[in-house]
Amino acid sequence: MSLAMCERCNYQKILEKVGIKPTKHRLAVLQVLGIAAHPLTAQDVFDALKACRTINRVTVYRILESLVEGGVVDKISTGDRSFRYGLAPNENHPQHAHFYCRLCGLMACLPPESLPLPSRSPSSVMPGIVEKYEIRLDGVCHQCRLRHS
Ligand SMILES: [Zn+2]
Ligand SMILES: [Zn+2]
Ligand SMILES: [Zn+2]
C-alpha cells in the first residue's frame, strides 16, 4: 500500500462535526483511510489495523458502515459485490473520480482536474438537489495490459 500522509485533516473534528463520538478505533479507521493513496477494501483496513492493535473484523466493518452513514467515508462500488472505502470529499480533499481495473481490482484516485465533475449546486437539468455522487471509470490498468498482451 503506498502512503501519502495527510497532515491537514483533523479526524477528531471531522467526526464531531457529524455527531459521531471520536473513539480510538474510529479515529484509527479514519486515519488508515486518510493516509491511503487509493480507496481500500474493508479487509485492507482490517489488515492495516491488526498490525498494531487488537480489533476484530466485525468491529472494523461496523465502524466503516457507521462512518459511511455519517457521510465522512465514501463507499465506492466496483461493479461487482465488493466495495472500496475512502474519505468523503472535504475541504482538504476535493471530489474526484476513480479508475477501476476489472482484471486486478486496482482502484485508483484520479486527479480532480483530470475530468470535469458535475457541480452540486442546484441546476435546472437536475430533478432534485444532488447530495453525493460517485464517478467510476472502468478499464484495464497498465500493468494488466502488459501482462495480458
Ligand atoms: Zn486529509
Ligand atoms: Zn489491473
Ligand atoms: Zn479517491
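From a predicted model like this one, the values you see are computed outputs, not experimental measurements.

Reading the values: rules and limits
- Residues numbered from 1 in each chain as written.
- Chains lettered and ligands numbered in written order.
- Predicted model: local features only at pLDDT ≥ 70, side-chain atom pairs only at ≥ 80, totals over all residues.
- Heavy atoms only, no water.
- Core = buried A, V, L, I, M, F, W, Y, C linked by side-chain atoms within 4.5 Å.
- Buried < 20%, exposed > 50% of the residue type's maximum accessible area, 1.4 Å probe, protein only.
- Helix = DSSP H or I, 4+ residues; strand = E, 2+ residues; numbered from the N terminus.
- Contact = heavy atoms within 4.5 Å.
- Pairing = 2+ DSSP bridges.
- Expected span 1.5 Å × (residues − 1).
- Arc of directions from axis to C-beta.
- Polar contact = N/O pair within 3.5 Å; in protein donor to acceptor, adjacent residues only side chain to side chain.
- Axes fitted to C-alpha atoms, helices over the stretch in contact; angles between N-to-C directions.
- Parallel < 35°, antiparallel > 145°, perpendicular 65-115°, else oblique.
- Left-handed = near helix turned anticlockwise from the far one by under 90°.

Counting residues in each nonpolar core, the largest one holds 26 residues, and the members touching the most others are V29, L30, L33, V45, L49 and L67. Among the secondary structure elements, those contributing two or more residues to this core are helix 1 (11-17), helix 2 (24-35), helix 3 (42-50), helix 4 (57-69) and strand 2 (83-87). Among the elements that make up this core, the one with the highest residue count is helix 2 (6 residues). Leave out the neighbours within four places in its chain, and L67 touches L15, I20, R26, V29, L30, V72 and V73.

For the rest of this paragraph, the subject is the pairing of strand 1 (residues 73-77). Note: strand 1 against strand 2, 5 bridges, orientation antiparallel. What sits directly across from V73, in strand 2, is L87. Linkage of strand 1 to strand 2, two consecutive antiparallel strands, is achieved through a turn of 5 residues, within which G79 is found at a positive phi near 100 degrees.

Helical geometry note: an α-helix holds 3.6 residues per turn, so side chains three or four residues apart project in the same direction. For helix 4, which comprises 13 residues, the first-to-last C-alpha distance of 18 Å matches the rise-based estimate of 18 Å (1.5 Å per residue) to within 8%. Inspection of helix 4 places V60, I63, L64 and L67 among the buried residues, and these make up the whole buried set. One side of helix 4 carries all its buried residues, which in axial view fall inside an arc of 100 degrees. Helix 4 presents R62 and E69 as exposed residues on the side facing more than 90 degrees away from its buried surface. Capping of helix 4 at its N-terminal end is provided by N56; its side-chain oxygen lies 3.2 Å from the backbone amide nitrogen of V58. Count one or two residues on from helix 4 and you reach G71, which has phi positive near 85 degrees.

Moving on, we come to helix 2. Given a rise of 1.5 Å per residue, 12 residues ought to cover 16 Å, and the 16 Å separating the end C-alpha atoms of helix 2 matches this to within 8%. Buried residues in helix 2 make contact with helix 1, helix 3, helix 4, strand 1 and strand 2.

In contact at an axis separation of 10 Å, helix 2 and helix 3 are set at 110 degrees when each is read in the N-to-C sense. With respect to helix 3, the axis of helix 2 lies roughly perpendicular. When the axes of helix 2 and helix 3 are compared, the crossing they make is right-handed. Counted together, A28, V29, V32 and L33 of helix 2 and V45, A48 and L49 of helix 3 form the full contact between these two elements.

Now for the environment of D44. Checked against the element boundaries, D44 lands in helix 3. Judged by its relative accessible area of 27%, D44 is partly exposed. On a C-alpha basis, the gap between D44 and K21 in space is 23 Å, while along the polypeptide they are 23 residues apart. Engagement of the side chain of D44 in a polar contact is seen with the backbone nitrogen of T41, the distance being 2.9 Å.

This next bit is on the side chain of H96. Among the structural elements, H96 can be located in the loop between strand 2 and strand 3 (98-101). A polar contact of 3.0 Å, which involves the side chain of H96, links it to the backbone oxygen of P94. Side chain to side chain, H96 and H98 meet in a polar contact 3.2 Å long. For H96, the contacting residues outside a window of four places in its chain are C109, L110, P112 and L117.

Moving on: the sheet that holds strand 3. Read across the open sheet, the 3 strands follow the order 4-3-5; overall the sheet is mixed. On the outer flanks of this sheet lie strand 4 (107-109) and strand 5 (136-139), each paired with one strand and no other. Recorded for the sheet is a direction-independent mean angle of 25 degrees between the axes of neighbouring strands. In the sheet, strand 3 pairs with strand 5 via 4 bridges, with the strands oriented parallel. Its bridge partner lying in strand 5, H98 is registered against R136.

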